[in-house]
Amino acid sequence: QKEVEQNSGPLSVPEGAIASLNCTYSDRGSQSFFWYRQYSGKSPELIMSIYSNGDKEDGRFTAQLNKASQYVSLLIRDSQPSDSATYLCAVIPRSTLTFGKGTMLLVSP
Amino acid sequence: ETGVTQSPTHLIKTRGQQVTLRCSSQSGHNTVSWYQQALGQGPQFIFQYYREEENGRGNFPPRFSGLQFPNYSSELNVNALELDDSALYLCASSLAPLANTGELFFGEGSRLTVL
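What you see is a predicted model; the values in this text were computed from it and never measured.

Some words on the interface of chain A and chain B
- On the chain B side, the residues contacting the 15 residues of chain A number 18 residues.
- Both faces considered, chain A and chain B share a buried interface measuring about 1,400 Å² in area, 56% of it formed by carbon and sulfur atoms.
- Put simply, chain A and chain B have five residue pairs in polar contact (both at pLDDT 80 or more) between them.
- Sorting the residues of the side of chain A that touches chain B by element identifies strand E4 (32-38) and strand E9 (85-92) of chain A as the ones contributing at least two each.
- Top element by residues in the side of chain A that touches chain B is E4 of chain A. It accounts for three residues.

The structure is reproduced here in structure tokens:
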């Protein structure tokens, strides 16, 4: 079982819709969770971090964490074509930041 | 722009050769982590350096080695290159070791092709 699992996609949504990206992790002791965005040919950049159960909102982005279900999600409201990228879920299970494979999001105009 | 610079940006090597990749961390950051990202995969942790000492290592063989210098810049060395070493190598700096923060600032990477 991989430590961090994501559906590789692509996830296709029309402009203005809500994009929902999901991630599960295997280590119950994980305490820190992150979403990075990676545009094609570029390096990852941090967009959200979440540490406790519940929702955390930042502009059009909402991160959701459910530790009992070992599940993290990222919602993007009012999706824009500029949101088209690969979204990487990352977790600190011990002392290293472990990434999933990423989900490719395509937002069509 | 994260302030993290890597060199070279692209390079081609042949099997069995050795390669050195370089990274300058963001000002004020004392921790550097190296990741390998194969095509279509997420970044895989190689190792981390904190104040010039290796402070964590992923599942990579000993032919992957590194250094951190007093100015916190870093090198990644790979010996006896194999075809599977072809990947994007990402350097990331942070204010503290990964146990304390997952906020990494990545450079643009060095794309290595092994023929």
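Examining the state of the cysteines
- All told, the structure shown has two disulfides over all chains when counted by the stated rule.
- Between Cys23 of chain A and Cys89 of chain A runs a disulfide, and the two sulfur atoms are separated by 2.1 Å. What sets the handedness of the Cys23 of chain A and Cys89 of chain A disulfide is the S-S torsion sign, and at about -70 degrees it is left-handed. Here Cys89 of chain A lies in strand E9 and Cys23 of chain A lies in strand E3 (residues 19-25), a separation of 66 residues in the sequence. As far as burial versus exposure is concerned, Cys23 of chain A and Cys89 of chain A are alike and both buried.
- The residue that forms a disulfide with Cys23 of chain B is Cys91 of chain B, at a sulfur-sulfur distance of 1.8 Å. In this structure the cystine formed by Cys23 of chain B and Cys91 of chain B twists about its S-S bond by roughly -60 degrees; its chirality is therefore left-handed. One end of the pair, Cys23 of chain B, is in strand E3 (residues 19-24); the other, Cys91 of chain B, is in strand E9 (residues 87-94), and 68 residues separate them in sequence.
- A residue is classified by how much of its surface remains accessible, and Cys23 of chain B, at 2% relative accessible area, is buried.

Structural notes on unusual backbone geometry
- A cis amide bond links Gly9 of chain A with the next residue in sequence, Pro10 of chain A, at an omega value of 10 degrees.
- Here the amide bond leading from Ser7 of chain B into Pro8 of chain B is cis, since omega sits at -10 degrees, within 30 degrees of zero.
- When you line up the elements, Pro8 of chain B lands in the loop between strand E1 (5-7) and strand E2 (10-13).
- One non-glycine residue, Asp78 of chain A, lies in the positive phi region at around 50 degrees.
- Structurally, Asp78 of chain A can be placed in the loop between strand E8 (71-76) and E9.

What to know about the sheet that holds E3 of chain B
Residues and elements named next belong to chain B.
- With antiparallel pairing, four strands are arranged side by side in an open sheet as E1-E3-E8-E7. Edge positions in the open sheet fall to E1 and strand E7 (64-68), since each of these has one partner strand only. Strand-to-strand twist of the sheet, defined as the mean angle between neighbouring strand axes without regard to direction, takes the value 15 degrees.
- Two strands pair when backbone bridges link them, and E7 and strand E8 (residues 74-78) are joined in this way by five bridges, in the antiparallel orientation. Residue pairing across strands places Gly66 opposite Leu76, the latter belonging to E8.

Details of the sheet that holds E8 of chain A
All names here are of chain A.
- One open sheet accounts for five strands, arranged E1-E3-E8-E7-E6; its pairing is antiparallel. Two strands bound the open sheet, and with one partner strand each, they are strand E1 (4-5) and strand E6 (54-58).
- Sheet topology note: the E1/E3 ladder contains two bridges and is antiparallel. Among the inter-strand pairings, Val4 is bridged to a residue of E3, identified as Tyr25.

Criteria and thresholds
- Residues numbered from 1 in each chain as written.
- Chains lettered and ligands numbered in written order.
- Predicted model: local features only at pLDDT ≥ 70, side-chain atom pairs only at ≥ 80, totals over all residues.
- Heavy atoms only, no water.
- Contact = heavy atoms within 4.5 Å.
- Buried area = accessible area lost by both parts, 1.4 Å probe.
- Polar contact = N/O pair within 3.5 Å; in protein donor to acceptor, adjacent residues only side chain to side chain.
- Helix = DSSP H or I, 4+ residues; strand = E, 2+ residues; numbered from the N terminus.
- Disulfide = S-S within 2.5 Å.
- Buried < 20%, exposed > 50% of the residue type's maximum accessible area, 1.4 Å probe, protein only.
- Pairing = 2+ DSSP bridges.
- Axes fitted to C-alpha atoms, helices over the stretch in contact; angles between N-to-C directions.

These results come straight from atomic positions and should not be treated as a statement about function.
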